[in-house]
Amino acid sequence: MNAPERGAWLRRGISRNGGPLREDQEVVWLQVGVHYADSRGFAGTTSYDGAQLRFHHDVGEAGEDVGTLRRDGENLIESGVNPDGSTFLEVWTPLPDDGGEGGSWSLAGCQVVRVGRHVVHVDGESGAYLPI
């Protein structure tokens, strides 16, 4: 499936290279249209070819994630390959969306995505989740 048109998601766990599902940090992914930001420090656009979803890292950490996305109840399950060739499986749970303003803004090497009261800012050094 393609990335949702609009969504705020909290990662509940990640499995790396087939290992156990675990979580060691708060990670938030925001999506508005084709624009996304990930609080780990990368942002850009998504594209979907009918089978695979690509997260193009246009700002922050260089690279591109390629994988699939599927629903599991209210959660999203993302699995694929990182830029370094390692594999991952991530479980994403929706954050409350108050229906407020949403959008994506890019300027001078940074990108900000807002979904209601959720904001993620990414620049060349890091990413940050900034709830408002």
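See the structure above.
1. Thoughts on the environment of Pro 131
Thought 1: Tracing the backbone shows Pro 131 in the segment after β12 (127–129).
Thought 2: Judged by relative accessible area, which is 48%, Pro 131 ranks as partly exposed.
Thought 3: Separated by 16 residues in the primary sequence, Pro 131 and Val 115 place their C-alpha atoms 9.8 Å from one another.

2. Focus: unusual backbone geometry
Thought 1: One non-glycine residue, Asn 17, adopts positive backbone phi at about 50°.
Thought 2: On the secondary structure map, Asn 17 appears in the loop between β1 (6–16) and β2 (28–32).
Thought 3: Backbone geometry at Ala 108 places phi at a positive 45°, although glycine is not the residue there.
Thought 4: Inspection of the secondary structure assignment puts Ala 108 in the loop between β9 (102–107) and β10 (110–115).

3. What to know about the sheet that holds strand β5 (residues 53–60)
Thought 1: Sheet architecture is closed into a barrel: eight strands sit in the order β1-β2-β3-β4-β5-β6-β7-β8, paired in antiparallel fashion. Looking at each pair of strands side by side, their axes are set apart by 30° on average, direction ignored.
Thought 2: In this structure, strand β4 (residues 42–48) lies alongside β5, joined through seven bridges in antiparallel fashion. Within β5, the residue paired with Ser 47 across the bridge is Arg 54.

4. Some points on the sheet that holds β9
Thought 1: Ordered by their spatial adjacency, four strands build an open sheet running β9-β10-β11-β12, and the pairing between neighbours is antiparallel. Lying at the two open borders of the sheet, with one neighbouring strand each, are β9 and β12. Taken over all neighbouring pairs, the strand axes of this sheet differ in orientation by 10° on average, direction set aside.

Criteria and thresholds
- Residues numbered from 1 in each chain as written.
- Predicted model: local features only at pLDDT ≥ 70, side-chain atom pairs only at ≥ 80, totals over all residues.
- Heavy atoms only, no water.
- Helix = DSSP H or I, 4+ residues; strand = E, 2+ residues; numbered from the N terminus.
- Buried < 20%, exposed > 50% of the residue type's maximum accessible area, 1.4 Å probe, protein only.
- Pairing = 2+ DSSP bridges.
- Axes fitted to C-alpha atoms, helices over the stretch in contact; angles between N-to-C directions.

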